Amino acid sequence: MRSLNRLKWLHAFEATARHGSFTGAARELGVTPAAVGQLVRALEEWVGHPLLHRTRTGKERLTLVDEARDALADITLGLDKLESGLNKLRGRRARSVVVITASQVLVMNWLMERLNRFSELHNTIDLRLDVTERVMDVAHGEADVGIRCGLGDWKGVHKTWLMDEEAVLVCSPGLVSPEKIACEKWLASQRLIHDDTPHPGANFPAWYTVLSAVGAPDTAENGLHINSTSAVILAALSGRGVAIVRHALVEQLIATGQLVQLHPHRRWPLAWAYYIVTPESARMRAEVKVFHDWLVEDVSAQ
């Protein structure tokens, strides 16, 4: 006789093993960390020995014992099979759902328009957005598709290159007259907005590098420092100064005249690029592949 309680125990244990903490598992399962811990302890009591090493310090406070590590792959496969069976029960008449994750700034300024176009063409596929600044665990099913910008060195996921990226200079059109767009003296006299968001390995240009490249005096010590790319773009839109930003995040704003690109013939290529990431261990569902292939084609057509 099957026990539904055991299924709950396994679900909690598998999520905890992936996240390395009850807190991460609780966030995924929509319950409290205490509830997850109770379910895992119930499974440990049933098997008759601990499944997790518990430590008070370190990046991952919960690690698997050897027996649990050996069993985890089978448990994960079993849960995936259950999910597949449930999807079959829903049948072909049920609407397909693709869960997409991306950062807020990318969704607002690059992705949303594309999602609208996709939905117009594929009205039987529902798109669900999980907008977050953290790197979601696509490899273990937190989302079907992730749109990421970086070096492309993420483990456990399949990566499809979308496009390269570069940094550009922008400001509000109310701040600059057309004849000053490529004027280095004008640029040096403006308030400079510094994006203090980490860009590890991106080769993101600092203001002193940009000013030197365009032949302007170094005034990089002055300006407004902001640790959020979204806020940097908002500051530029509101006329607070001149900003260095990733081109994809302001491309639409430039096209609609809400921002002006300064020194448009200058290029500051980044080591980062945009990728679609999907789980590496599982074959893409049909609806996920439809979205994946459409987005690659849409971006390449631009």
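Residues numbered from 1 in each chain as written. Predicted model: local features only at pLDDT ≥ 70, side-chain atom pairs only at ≥ 80, totals over all residues. Heavy atoms only, no water.

Glancing now at the pattern of salt bridges. For the structure shown, the criterion picks out seven salt bridges. Among the salt bridges present, the one from Arg-117 reaches Glu-113, with a minimum N-O distance of 3.2 Å. Linking Arg-117 with Glu-113, this pair stays in helix H5 (residues 104-121), spanning four residues, or about one helical turn. By relative accessible area, Arg-117 is classed as partly exposed at 25%. Between Asp-293 and Lys-289 there is a salt bridge whose closest N-O contact spans 2.6 Å. Remark: Lys-289 and Asp-293 occur in helix H10 (residues 286-300); sequence separation between them is four residues, near one turn of the helix. Several salt bridges converge on common partners, so that one network encompasses Glu-113, Arg-114, Arg-117 and Asp-298. (Salt bridge = Lys/Arg side-chain N within 4 Å of Asp/Glu carboxyl O. Helix = DSSP H or I, 4+ residues; strand = E, 2+ residues; numbered from the N terminus. Buried < 20%, exposed > 50% of the residue type's maximum accessible area, 1.4 Å probe, protein only.)

The terminal C-alpha atoms of helix H3 (residues 33-47) lie 21 Å apart, and with 15 residues this matches the ideal 21 Å at 1.5 Å per residue to within 8%. If you check which residues of H3 are buried, you get Val-36, Gly-37, Val-40, Leu-43 and Glu-44. All buried residues of H3 fall inside an arc of 120° around its axis, so they share one side. With respect to the buried face of H3, the exposed residues turned more than 90 degrees away are Ala-34, Gln-38, Glu-45 and Trp-46. Looking one or two residues beyond H3, the residue adopting positive phi is Gly-48, at roughly 95°. (Expected span 1.5 Å × (residues − 1). Arc of directions from axis to C-beta.)

The next subject is helix H9 (residues 247-255). For H9, the set of buried residues is Ala-248, Leu-249, Val-250 and Leu-253. Tucked into the core, H9 has its buried residues touching H5, strand S6 (157-171), helix H8 (229-237), strand S9 (242-246) and strand S11 (268-279). Note on H9: the residue one or two positions beyond its end, Gly-257, has a positive phi of about 80°. (Contact = heavy atoms within 4.5 Å.)

With that settled, consider the packing of aromatic side chains. Here the structure, examined in full by the defined rule, presents four aromatic pairs. Relative to Tyr-274, the ring of Trp-110 lies with its centre 6.2 Å away and its plane at 10°, an arrangement referred to as stacked. In this pair, Trp-110 is assigned in helix H5 and Tyr-274 in strand S11, connecting sequence segments 164 residues apart. Exposure class is identical for Trp-110 and Tyr-274. Each is buried. Pairing Phe-118 with Trp-294 gives two aromatic rings, centres 5.4 Å apart and planes at 70°, and the pair type is edge-to-face. Here Trp-294 lies in helix H10 and Phe-118 lies in helix H5, a separation of 176 residues in the sequence. As far as burial versus exposure is concerned, Phe-118 and Trp-294 are alike and both buried. One aromatic cluster in this structure is built from Phe-118, Phe-291 and Trp-294. Its guanidinium or amino end placed over the ring of Trp-154, Arg-148 lies 5.4 Å from that ring's centre, counting from NZ or CZ. (Phe/Tyr/Trp six-rings, centres within 6.5 Å; stacked < 30°, edge-to-face > 60°. Lys NZ or Arg CZ within 6 Å of the ring centre and 35° of its normal.)

On the secondary structure map, Arg-114 appears in helix H5. Only 3.1 Å separates the side chain of Arg-114 from the side chain of Asp-298, close enough to count as a polar contact. (Polar contact = N/O pair within 3.5 Å; in protein donor to acceptor, adjacent residues only side chain to side chain.)

For the rest of this paragraph, the subject is the pairing of S6. With respect to burial, S6 is a largely interior element, eleven of its 15 residues being buried. Relative to S9, S6 runs antiparallel, the two sharing four bridges. Residue pairing for S9: Val-168 is matched across the bridge by Val-245. (Pairing = 2+ DSSP bridges.)

Counting buried positions along strand S3 (residues 96-102) yields five of seven residues, so the element is predominantly enclosed. For the segment spanning S3, H5 and strand S4 (residues 125-131), crossover handedness is right-handed. Examined bridge by bridge, S3 and strand S5 (residues 145-150) share two bridges and lie parallel to one another. Bridging across to S5, Thr-101 finds its partner in Gly-146. (Right-handed = clockwise from strand over helix to strand, strands pointing away.)

Attention now goes to the packing of helix H2 (residues 22-29) against H3. Running from amino to carboxyl end, H2 crosses H3 at an angle of 105°, the nearest separation of the two axes being 8 Å. The orientation of H2 with respect to H3, classified from their angle, is roughly perpendicular. Residues Phe-22, Thr-23, Ala-25, Ala-26 and Leu-29 of H2 form the contact with H3, whose participating residues are Pro-33, Val-36, Gly-37, Val-40 and Arg-41. Its residues assigned to classes, the contact of H2 with H3 comprises seven nonpolar, two polar and one charged. (Axes fitted to C-alpha atoms, helices over the stretch in contact; angles between N-to-C directions. Parallel < 35°, antiparallel > 145°, perpendicular 65-115°, else oblique. Nonpolar A, V, L, I, M, F, W, Y, C, P; charged D, E, K, R; others polar.)

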